[in-house]
Amino acid sequence: MDRTGNPLTTVGLNSFGFDSTVNVEDLRALYLRPRHRQMSSQTSTEQDPMPSQLRSTYDSTSNSVSYTTVSKFPPVKLLTPHKKKRILVTGGAGFVGSHLVDRLMLLGHDVIVVDNFFTGSKTTVSHWVGHPNFELIRHDVTEPLNIECDQIYHLACPASPPHYQFDAVKTLKTAFMGTLNLLGLAKRTKARFLITSTSEIYGDPQVHPQPEDYWGNVNPIGIRACYDEGKRVSETLTYSYQRQENVEVRVARIFNTFGPRMNPQDGRVVSNFVMQALKGEDMTIYGDGKQTRSFQYIHDLIDGLIALMNSDESRPVNLGNTDEFMVGDFAEMVREVVKEVKEQDGEEIKPLNIVYKPIPSDDPQRRRPDNSRAKEVLGWHPRWTVRMGVEEMARYYKALLEAGEIE
């Protein structure tokens, strides 16, 4: 059930002449093993829809072996040529990017993923490798790229504090040079360009909730500035290309988003809490737990990105969940959800403590979007409850832990 109590069987919107609706189960099959797809009416009896097999043939005369891979891809929509778009997704092997790629592929479009795999992973899109509609290119967007496309989703940039602070100069180069190169490509190919900006451009806000016309309160020399100011200058560059070069641009300001495929070691609050609870470790809160955050599930964000790309709205648009949690209360909810997941699997439950540590520098105290513009011009609003998303994320991580793929 969604936030309004209606059955949640599809995601996506059919608006602006672009139908992005797909079946929820078709998406979930791409990242959740059958046993963990508890929200579906079909569970443990399902077969993996994407069997992959490596066959070998031995030739005794030459003492050699040949290999053949046999893969069955998920079914995708069959589009006529005039409806099928060639879509470039930078950072497409990352957390958000891979879910966007899944959606665009299921919708039947040609998708080109560009990623340098600094924070992204080939495993997030490996189920599409070899598909005739899919192309994967290892490339750093700080270098120019020549390719033909109709739309550009520019997501390439480290987004978690440990990653973007690891090499602050490279983060700034990615934000500026990467955006410059992709805008140049959009100008040459006449492609529509969407950049994923961030709620971090509002800094530690003095206006609450944050509307798009709020200019923010950012420390330009703090440890987070490489990301915050990098995204701010990316927006400046984007609108400069719109005014000077007539490039069609879209700007999405993304608020805290979570879901499967988040790097469990990326230091973000949701992944930290879920992993610690699954492993039976103390749950760590930085600060007193009274700072607030709003969390949206990944499928809601993808709905918003696709709607924005295909709309006529060129102003910045906030995409986030207006449900605001104190971090301490959110930790309690995660602890409760993970306990329920473990109990359903018949596992022993041990008590979990919540411990408090000093808050990092420049950490914002309040964060919640004003979604009025997205609702008015896109017809978009979050449908997934935070609790639903946490349960699905817990099942995803639990499956990886059981398989020994993470620790």
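Caption draft 1: Structural view of the packing of aromatic side chains. Scanning all chains against the criterion turns up 11 aromatic pairs. Pairing F295 with F330 gives two aromatic rings, centres 4.2 Å apart and planes at 20°, and the pair type is stacked. Here the residue F295 occupies a position in the loop between β15 (292–294) and β16 (296–297), and F330 occupies one in helix α8 (residues 327–344), the gap between them amounting to 35 residues. Both residues of the pair, F295 and F330, belong to the buried class. With 5.7 Å between their ring centres and 45° between their planes, Y396 and Y397 make a pair best called tilted. Taking the relative accessible area as the measure of exposure, Y396 reaches 12% and is therefore buried. Relative accessible area serves as the criterion here: at 0%, Y397 is assigned to the buried category. An aromatic cluster is present here, built from F273, F295, F325 and F330 joined pairwise through their rings. Over the face of the ring belonging to F117 we find K122, whose NZ or CZ atom lies 5.5 Å from the ring centre.

Caption draft 2: Summary view of the nonpolar core. Counting 74 residues, the largest nonpolar core has V101, Y153, F258, L305, F330, V390 and Y397 as its most contacted members. Counting residues in each nonpolar core, the second largest holds 22 residues, with I112, V114, I152 and A186 among its members.

Caption draft 3: Quick look at the pattern of salt bridges. For the structure on display, the rule yields 30 salt bridges. In this structure, R335 and E332 form a salt bridge, with 2.4 Å as the shortest nitrogen-oxygen distance. Taken as a pair, R335 and E332 lie in helix α8 at a separation of three residues, close to a single helical turn. For E332, a relative accessible area of 39% corresponds to the partly exposed category. A salt bridge links R387 to E336; its shortest N-O distance comes to 2.9 Å.

Cut-offs used in this document
Residues numbered from 1 in each chain as written. Predicted model: local features only at pLDDT ≥ 70, side-chain atom pairs only at ≥ 80, totals over all residues. Heavy atoms only, no water. Phe/Tyr/Trp six-rings, centres within 6.5 Å; stacked < 30°, edge-to-face > 60°. Helix = DSSP H or I, 4+ residues; strand = E, 2+ residues; numbered from the N terminus. Buried < 20%, exposed > 50% of the residue type's maximum accessible area, 1.4 Å probe, protein only. Lys NZ or Arg CZ within 6 Å of the ring centre and 35° of its normal. Core = buried A, V, L, I, M, F, W, Y, C linked by side-chain atoms within 4.5 Å. Salt bridge = Lys/Arg side-chain N within 4 Å of Asp/Glu carboxyl O.

Purely spatial values, then, with no claim about function.
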